[in-house]
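For reference, the chains in residue letters:
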Amino acid sequence: MTCRVKRSVSRTATVAIGLVAGSHLLMSDTSAEPAPGENISEARKGGELTQVVNGAAKVAIADDEVEAQDKDTEAEKQTAGTSARRAPPARRVKEKEDLFLPDPQYNRKYDHQEQVEIYGSKIAVEPPRPPVELGRQQYTSGIYDESSTILGEKNPLLPGLAIYGDWRTAVAYNNNNGKNIAQIATRLNIDVDLKLTATERLHAFFTPIQEDNVRFTRFEFGGADGNDRFTGEFDPEPQTLFFEGDFGSLYSGFSGQEASFDLPFTVGLFPLFLQNGIWANDAILGGAVSLPAKNSAALGLSNFDITFFAAFDNVNNAGIIGADNNVANLYGVTAFIDAFDGYIETGYGVIEGRDEQEGLLTHFLTGAYTRRYYNTVSNSTRLFANFGEDPEGKSDGFAIISENSLITGLPSTLLPYANFFVGFGNPQPLVDGFNAGILKNVGINFETDALTGYPKLDDSGSNTWGGAIGLQYLFNLDQQLVFEVAMVQPFEDDGIGAKDPQYALGVRYQIPIDRAWLFRADATYQILEGAEDNFGIRAEVRRKF
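Conventions adopted
- Residues numbered from 1 in each chain as written.
- Predicted model: local features only at pLDDT ≥ 70, side-chain atom pairs only at ≥ 80, totals over all residues.
- Heavy atoms only, no water.
- Salt bridge = Lys/Arg side-chain N within 4 Å of Asp/Glu carboxyl O.
- Helix = DSSP H or I, 4+ residues; strand = E, 2+ residues; numbered from the N terminus.
- Buried < 20%, exposed > 50% of the residue type's maximum accessible area, 1.4 Å probe, protein only.
- 1 Å grid on protein atoms, 1.4 Å probe; cavity = no way out; pocket = protein on both sides within 12 Å on 5 of 7 lines; lining within 4 Å.
- Points joined across faces, edges and corners; volume = space filled by probe spheres on them.
- Nonpolar A, V, L, I, M, F, W, Y, C, P; charged D, E, K, R; others polar.
- Phe/Tyr/Trp six-rings, centres within 6.5 Å; stacked < 30°, edge-to-face > 60°.
- Patch = residues over 30% accessible without salt bridge, like charges linked within 9 Å, V, L, I, M, F, W, Y side chains within 5 Å.
- Areas by Shrake-Rupley, 256 points an atom, 1.4 Å probe, with all protein chains shown as cover.
- Lys, Arg positive; Asp, Glu negative; His and termini not counted.
- Charge placed at Lys NZ, Arg CZ, Asp CG, Glu CD.
- Contact = heavy atoms within 4.5 Å.

Trainee: Would you mind showing me how to read the pattern of salt bridges here?
Mentor: Between side chains of opposite charge, a pair can form as their charged atoms come close. Enumeration over the complete set of coordinates arrives at 22 salt bridges. A salt bridge links Arg 382 to Glu 403, with the shortest nitrogen-to-oxygen separation between them at 3.2 Å. Note that Arg 382 is positioned in strand β15 (residues 377-389) and Glu 403 in strand β16 (residues 397-406), a separation of 21 residues in sequence. Taking relative accessible area as the criterion, Arg 382 reaches 2% and is therefore assigned buried. Through salt bridges with shared partners, one network takes in Asp 166, Arg 168, Glu 447, Asp 449, Arg 508, Arg 520, Asp 522, Arg 538, Glu 540 and Arg 542.

Next up, the structure:
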């Protein structure tokens, strides 16, 4: 019993001496020296060299280290003449190799795909670069050279010219409204984009081997109505040619002060695309200005945009003003609003006739509300109305389109949809440069291909009701397959739309061959009561550049 007490006292004293010595070394900013005749490596082997880092702020001594120090002290007492020469034992520091975990050991072949999975399988996709790209490139990173400040230091030039587009070629066999033609047709879309600053640019769009979005360069090689010859179309005039910029950025550059507003604008022959192209899909000659990203606490609106536009030429509305697009002016306003737990699109426009259309005045109204309900159905309900003064009585019309998609267990790839419509009178889009009707987006059986004369159901919506039900599957977001059935049911023969019921079955498949090439195939069969059935089958290759 007495020996145990003495041993405990001895250990306590030894620990106390070690703590005092360590504190003294830290306070005096010195390091313990090895005993005479003992080198550093030997001290490391014994584990009794105290390393003190200059300026250390805190030293922590663990219980297991204190116990180890006690054992070392006992061993020193048993070594004759050694403990008296050595410095008092202090905190023991582990070897450097013991301070870090061992390097990972790869017992099998390295799998780079596992590393990609860490980031949700997201990898950088390098798109095909434009064949002509001068000056500063688009969507690139790096340190850029200093730019000119001719428009002001706060709006430096970022000049760059890019020419890009796509080339479409399709072979088709169509029976459309009594004409049976097999042909191969092609079209070329070319964009010319000249960047001036980060917000200002000049842009032009050309379709040189077609005419008026109706006639395309083609070779009709078969069918009862094919002419067995090659027909080349050529149109060097730009389809769009406009300047766009931001008054806020221009003000900052010219004044040298940061603008407190954004006011984007455009002027020239510019594209107007509203309500997913249903209400407006045309290039008009005029201008537009927008009030973007606004909010109103008083009205409870977190975000809304308002755009004002006007055109004085190139106004296309065949249902109201006929084929001549140079005899009317266009004025309008549109708004996009986040409200009522959804998204609202609304607009008002007016077409004013001139020259031989003097006295024509037609008003156009539209409104749409988009929302997801109970995480089950996504719905967009769209309303279109037009009314005014027209000697022929063709200005009045109203249509409702309901677009619905079911949210499945594969919400991004498996998309069942059901779209319905009803139209009264002669509902018309505000402008459309492709001679398409108000129902163009109801389903794939209501749209043509703008290349081979692919048949479609009546898309006027004039005194008819109907819809399209389909299933779209996108595989792994790398392919598209669509099956659809559709119908049009007239309830009055007004001489504008369908006279008799129409039914259709359509299918579409498309897949990217690589990052520049795309393959697409379509087929449709349309039963037209009181007329010969329509059908079409086509395959298309598109090259992006």
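Resuming the write-up.
Trainee: Can you help me understand the layout of surface pockets in this one?
Mentor: Empty space left among the atoms is revealed by rolling a probe the size of a water molecule over them. When its volume is computed, the second largest pocket comes out at roughly 460 Å³. The wall of the second largest pocket is formed by 23 residues, among which Gln 138, Tyr 139, Tyr 164, Asp 193 and Lys 195 lie closest to the centre. Those elements that place two or more of their residues in the lining of the second largest pocket are β2 (157-176) and β3 (179-197). Top element by residues in the lining of the second largest pocket is β2. It accounts for five residues. Considered class by class, the residues forming the lining of the second largest pocket number 10 nonpolar, five polar and eight charged.

Trainee: Where do I start with empty space enclosed by the protein in this structure?
Mentor: Counted by the stated rule, this structure contains five cavities of 30 Å³ or more. Estimates place the volume of the second largest cavity at around 40 Å³. Taken together, Ile 444, Asn 445, Tyr 454, Pro 455, Gly 506, Val 507, Arg 508, Asp 522, Ala 523, Thr 524 and Gln 526 make up the full set of residues lining the second largest cavity. When contributions to the lining of the second largest cavity are tallied by element, the ones reaching two or more residues are β21 (502-512) and β22 (517-528). Take the lining of the second largest cavity: its biggest share by element is four residues, from β22. Looking at the lining of the second largest cavity, its residues break down into five nonpolar, four polar and two charged.

Trainee: Got a minute to help me understand the packing of aromatic side chains in this structure?
Mentor: Aromatic ring pairs: the centre-centre distance and the angle between the two ring planes describe each pair. Scanning the model with the defined rule gives nine aromatic pairs in all. Taking the centre distance of 6.3 Å and the plane angle of 35° together, the rings of Phe 219 and Phe 221 count as tilted. Take Phe 219: its relative accessible area is 33%, and that puts it in the partly exposed class. Residue class for Phe 221 comes out partly exposed when judged on its relative accessible area of 41%.

Trainee: I would appreciate a short explanation of a negative patch on the surface in the present structure.
Mentor: A cluster of acidic residues, Glu 492, Asp 493, Asp 500 and Glu 529, forms a negative patch at the surface. Mapped onto the elements, Asp 500 comes out in the loop between β20 (480-490) and β21. A relative accessible area of 34% means that Asp 500 is categorised as partly exposed.

Trainee: Is there a simple way to think about the environment of Ala 283 in this case?
Mentor: Among the structural elements, Ala 283 can be located in strand β10 (residues 280-296). Given the relative accessible area of 12%, Ala 283 is considered buried. In this structure Ala 283 touches Gln 239, Thr 240, Leu 269, Phe 270, Pro 271 and Asn 314, once residues within four positions along its chain are discounted.

Trainee: Is there a simple way to explain unusual backbone geometry in this structure?
Mentor: In terms of backbone geometry, most residues other than glycine have negative phi values and most peptide bonds are trans. Here the phi dihedral of Asn 276 falls at roughly 55°; this positive angle occurs in a residue that is not glycine. Positionally, Asn 276 belongs in the loop between β9 (264-274) and β10. In this structure, Ala 293 is a non-glycine residue whose phi angle is positive, near 50°. Mapped onto the elements, Ala 293 comes out in strand β10.

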